Amino acid sequence: MHILSSPASPFVRKVRVVLLETKQTDIEVRAVTSNPMGGEAVLNAANPSGKIPVLVRDDGPAIYDSRVICRFLDHRAGAKLYPEARLWDVLALEANADAIMEAALAIIYEKRLRPEDLWWPDWFEAQWGKIARSLDALEHRSMPLLEGPLNMAQISVGCALGYLDFRLGDRAWREGRPTLAAWEARFAARDAMQATKPD
């Protein structure tokens with residue numbers, strides 16, 4: 001099996017962190033070209049939408065997107081990153097973290113793929129509004145789930161916050177969110193997070 005990936009993708013990073021945390025060293029991570037305008041042929045063949053990551057299996061069809069892949073890898077390793085007692089909370093928080101990543105990518109793609117004279121400032125602010133509301137919810141409602149034994153919500157939030165630092169550092173997401181900022185500093189120090197930090 002192997003993962004089709006792009007080094008800077010926060011969604012790929014989630015999968016790579018799960019691989020490291022669960023010690024699944026038998027799955028290769030391969031870089032491919034992907035963007036909203038179309039990916040390379042091997043990616044499009046594995047996932048018709050052309051999105052990464054994709055888990056290409058030897059014994060069945062490819063698996064995508066990151067949430068499905070992470071759930072598959074967790075099951076394969078018996079890692080219990082989706083604890084049954086808090087399953088719906090973990091899944092909801094993982095979805096919230098993914099929404100942060102999606103909104104951040106929407107900002108990046110607007111800047112990267114459209115000429116500057118066609119940039120839409122209201123679009124940037126609408127996407128940042130989604131991110132800011134999600135961050136406030138993490139600060140005020142979700143911290144108990146971010147503490148305790150490792151779960152998929154923690155990995156997803158850690159990757160989302162890392163992506164904000166990587167691509168939107170000028171937005172200063174930590175301001176007014178001291179508890180979340182302190183948690184991120186601790187979580188970012190994990191070996192798997194350090195090994196997958198984008199540069």
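Our structure's up above, just so we're on the same page.
Residues numbered from 1 in each chain as written. Predicted model: local features only at pLDDT ≥ 70, side-chain atom pairs only at ≥ 80, totals over all residues. Heavy atoms only, no water.

Colleague: Help me understand the pattern of salt bridges in this model?
Modeller: A pair can form between side chains of opposite charge whenever their charged atoms are brought close. Considering all chains together, one arrives at 12 salt bridges under this definition. A salt bridge links R76 to D26, with the shortest nitrogen-to-oxygen separation between them at 2.5 Å. Residue R76 is found in helix 3 (residues 66–77), and its partner D26 is found in the loop between helix 1 (10–21) and strand 2 (28–31); the two are separated by 50 residues along the sequence. For R76, a relative accessible area of 36% puts it in the partly exposed group. (Salt bridge = Lys/Arg side-chain N within 4 Å of Asp/Glu carboxyl O. Helix = DSSP H or I, 4+ residues; strand = E, 2+ residues; numbered from the N terminus. Buried < 20%, exposed > 50% of the residue type's maximum accessible area, 1.4 Å probe, protein only.)

Colleague: Would you explain unusual backbone geometry in this entry?
Modeller: Leaving glycine aside, a negative phi is the common case for residues, and trans is the common case for peptide bonds. Residue P53 follows I52 across a cis peptide bond; omega there is -5°. Along the chain, P53 turns up in the loop between helix 2 (41–46) and strand 3 (54–56). In this structure, the amide linkage connecting Y64 to the following residue, D65, adopts the cis form with an omega of 5°. The residue D65 is located in the loop between strand 3 and helix 3 in this model.

Colleague: Which parts of the structure should I look at to understand the environment of E184?
Modeller: By the secondary structure assignment, E184 is in helix 7 (residues 178–188). Given the relative accessible area of 8%, E184 is considered buried. Placed 117 residues apart in sequence, E184 and R67 show a C-alpha to C-alpha distance of 21 Å.

Colleague: Sorry, what's going on with helix 3 here?
Modeller: Taking 1.5 Å of rise per residue, 12 residues should cover 16 Å, and helix 3 covers 16 Å from first to last C-alpha, within 8% of that figure. Turning to helix 3, its buried residues are S66, I69, C70, L73 and D74. Looking straight down helix 3, one finds its buried side chains confined to an arc of 135°; they lie on one side. Elements that come into contact with the buried residues of helix 3 comprise strand 1 (2–5), helix 1, strand 3, helix 4 (87–113) and helix 6 (152–168). (Expected span 1.5 Å × (residues − 1). Arc of directions from axis to C-beta. Contact = heavy atoms within 4.5 Å.)

Colleague: Looking at this structure, how should I read the sheet that holds strand 1?
Modeller: Strand pairing in a sheet relies on backbone hydrogen bonds. The paired strands run either parallel or antiparallel. Strands sit in the order 2-1-3 across an open sheet of 3 strands; the sheet is mixed. Edge positions in the sheet fall to strand 2 and strand 3, since each has one partner strand and no second. Each neighbouring strand pair of the sheet contributes to a mean axis angle of 30°, computed without reference to strand direction. Summarising the sheet, strand 1 and strand 2 pair through 4 bridges and their orientation is parallel. Paired with S5 across the strands is A31, a residue of strand 2. (Pairing = 2+ DSSP bridges. Axes fitted to C-alpha atoms, helices over the stretch in contact; angles between N-to-C directions.)

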